[in-house]
Amino acid sequence: DSGVTQTPKHLITATGQRVTLRCSPRSGDLSVYWYQQSLDQGLQFLIHYYNGEERAKGNILERFSAQQFPDLHSELNLSSLELGDSALYFCASSVVKGGGTDTQYFGPGTRLTVL
Amino acid sequence: AQSVTQPDIHITVSEGASLELRCNYSYGATPYLFWYVQSPGQGLQLLLKYFSGDTLVQGIKGFEAEFKRSQSSFNLRKPSVHWSDAAEYFCAVGTPGAGSYQLTFGKGTKLSVIP
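Residues numbered from 1 in each chain as written. Chains lettered and ligands numbered in written order. Predicted model: local features only at pLDDT ≥ 70, side-chain atom pairs only at ≥ 80, totals over all residues. Heavy atoms only, no water.

Focus: the overall build of chain B
Piece 1. Within chain B one finds zero helices and 12 strands.
Piece 2. For chain B, the α and β elements follow one another from N to C terminus as β-β-β-β-β-β-β-β-β-β-β-β.
Piece 3. Against the compact-globule benchmark of 13 Å for 115 residues, chain B has a radius of gyration of 14 Å, which places it among compact chains.
Piece 4. If you line up chain B on its principal axes, its C-alpha atoms span 45 × 30 × 25 Å.
Piece 5. In chain B, buried positions account for 47% of the 115 residues.
Piece 6. Summarising the internal contacts of chain B: among those between residues at least 6 apart in sequence, 54% fall at separations of at least 24. (Helix = DSSP H or I, 4+ residues; strand = E, 2+ residues; numbered from the N terminus. Rg over C-alpha atoms; globule rule 2.2 N^0.38 Å. Buried < 20%, exposed > 50% of the residue type's maximum accessible area, 1.4 Å probe, protein only. Contact = heavy atoms within 4.5 Å.)

Concerning the sheet that holds strand 1 (residues 5-7) of chain A
Residue and element names in this part refer to chain A.
Piece 1. The four strands lie next to each other as 1-3-8-7, forming an open sheet whose pairing is antiparallel. Only two strands of the sheet have a single partner each, and these edge strands are strand 1 and strand 7 (64-68). Strand-to-strand twist of the sheet, defined as the mean angle between neighbouring strand axes without regard to direction, takes the value 15°. (Pairing = 2+ DSSP bridges. Axes fitted to C-alpha atoms, helices over the stretch in contact; angles between N-to-C directions.)

What about the nonpolar core?
Piece 1. Leu 19, Trp 35, Leu 47, Leu 48, Phe 74, Leu 76 and Tyr 89 of chain B are the most contacted members of the largest nonpolar core, which has 26 residues in total.
Piece 2. When residues of this core are traced back to their parent elements, those giving at least two are strand 2 (10-14), strand 3 (19-21), strand 5 (32-38), strand 6 (44-50), strand 8 (64-68), strand 9 (73-78), strand 10 (87-97) and strand 12 (109-114) of chain B.
Piece 3. Of the residues forming this core, the biggest block, four residues, is contributed by strand 10 of chain B.
Piece 4. Beyond its immediate chain neighbours, meaning those up to four positions away, Leu 19 of chain B contacts Ile 11, Val 13, Phe 63, Leu 76, Arg 77, Lys 78, Val 81 and Leu 111 of chain B.
Piece 5. In terms of nonpolar packing, the next biggest core, distinct from the first, is built from 21 residues, Val 19, Ile 47, Ile 60 and Cys 91 of chain A among them. (Core = buried A, V, L, I, M, F, W, Y, C linked by side-chain atoms within 4.5 Å.)

Overview of the pattern of salt bridges
Piece 1. Using the criterion set out here, one finds seven salt bridges over all chains in the structure.
Piece 2. Notably, a salt bridge pairs Arg 26 of chain A with Asp 29 of chain A, separated by 2.7 Å at the nearest N-O pair.
Piece 3. The exposure class of Arg 26 of chain A is partly exposed, given its relative accessible area of 24%.
Piece 4. Ionic pairing is found between Lys 78 of chain B and Asp 85 of chain B, a salt bridge with its closest N-O pair at 2.8 Å.
Piece 5. Judged by its relative accessible area of 4%, Asp 85 of chain B is buried.
Piece 6. Here the residues in one salt-bridge network are Arg 63, Glu 82 and Asp 85 of chain A, joined through shared partners. (Salt bridge = Lys/Arg side-chain N within 4 Å of Asp/Glu carboxyl O.)

A short note on the confidence of the model for chain B
Low pLDDT marks stretches whose predicted atomic positions should not be read closely.
Piece 1. Summary statistics for chain B give a mean pLDDT of 92 and a share of 97% for residues scoring 70 or more.
Piece 2. Across chain B, element-level confidence peaks in strand 3 of chain B with a mean pLDDT of 98 and bottoms out in strand 11 (residues 100-105) of chain B with 84. (pLDDT = per-residue confidence, 0-100.)

Some remarks on the interface of chain B and chain A
Piece 1. With 19 residues of chain B at the contact, the number on the chain A side is 22 residues.
Piece 2. Buried surface at the junction of chain B and chain A, both sides included, amounts to about 1700 Å², of which 55% is carbon and sulfur.
Piece 3. Inspection of the chain B/chain A interface yields zero salt bridges.
Piece 4. At the surface where chain B touches chain A, the tally comes to five residue pairs in polar contact (both at pLDDT 80 or more).
Piece 5. At the level of secondary structure, the elements contributing two or more residues to the side of chain B that touches chain A comprise strand 5, strand 6, strand 10 and strand 11 of chain B.
Piece 6. The element contributing the most residues to the side of chain B that touches chain A is strand 11 of chain B, with five residues.
Piece 7. Here the side of chain B that touches chain A is composed, by residue class, of 11 nonpolar, six polar and two charged. (Buried area = accessible area lost by both parts, 1.4 Å probe. Polar contact = N/O pair within 3.5 Å; in protein donor to acceptor, adjacent residues only side chain to side chain. Nonpolar A, V, L, I, M, F, W, Y, C, P; charged D, E, K, R; others polar.)

Topic: the pairing of strand 2 (residues 10-13) of chain A
Residues and elements named next belong to chain A.
Piece 1. Residues Leu 11 and Thr 13 of strand 2 are buried on one face, while the alternating residues His 10 and Ile 12, pointing to the opposite face, are not.
Piece 2. With four bridges connecting them, strand 2 and strand 11 (residues 110-114) associate as parallel partners. Bridging across to strand 11, Ile 12 finds its partner in Thr 113.

Observations regarding the pairing of strand 5 of chain B
Residue and element names in this part refer to chain B.
Piece 1. Of all the seven residues making up strand 5, seven are buried; the element is thus mostly covered by neighbouring parts of the structure.
Piece 2. Where strand 5 meets strand 6, six bridges bridge the pair, whose relative direction is antiparallel. What sits directly across from Gln 38, in strand 6, is Leu 44.
Piece 3. As consecutive antiparallel partners, strand 5 and strand 6 are separated by five residues, and within that stretch Gly 41 has a phi angle of approximately 75°, a positive value.

As structure tokens, this is what we get:
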């Protein structure tokens, strides 16, 4: 158990809908990262938040957004869902110490199925 | 841009046999390298990491990896595989940027273990 929690574990929805994925980082971690794992693209970095502020964006679609709240949990919002958005979405957390020697710990993931 | 290549999509070994999973990276600066393991239906678990120093790093579950700068490689090894090692293994390179730190993953190697 990494200490990172994600809810829900599974999510089934229809095209055009909007969903929210939730992540709680490890106690004391200030950074939250979101990744998408799909069969064709593999594991891809989406977005990074540190202490409530957006720090970096990766291959995140404009239909997707995220935020990190004062209690440090984060939510990933996916809207106007398409079949191709079906994937496993991971959250990871870390203590960003600077200098690049940071380790990310991953949650169990949320499996999103868009029908 | 950084990239990670795992040349073997699927490897099958017999229980008790030795294992080597290959990983090659492309990154302009000193790399920070990781191996993660993903069991079916599970999240990513960190096996080991390399930041600097001794190029042979020890991880959990009896795994080790060797960083070879001249070959841009970070291969994962285990002297004797157990049936419980069957999983998918991901190599990743950490790329620190301005105020952020992202992981770039390889496509993964699926390990099957024959009793």
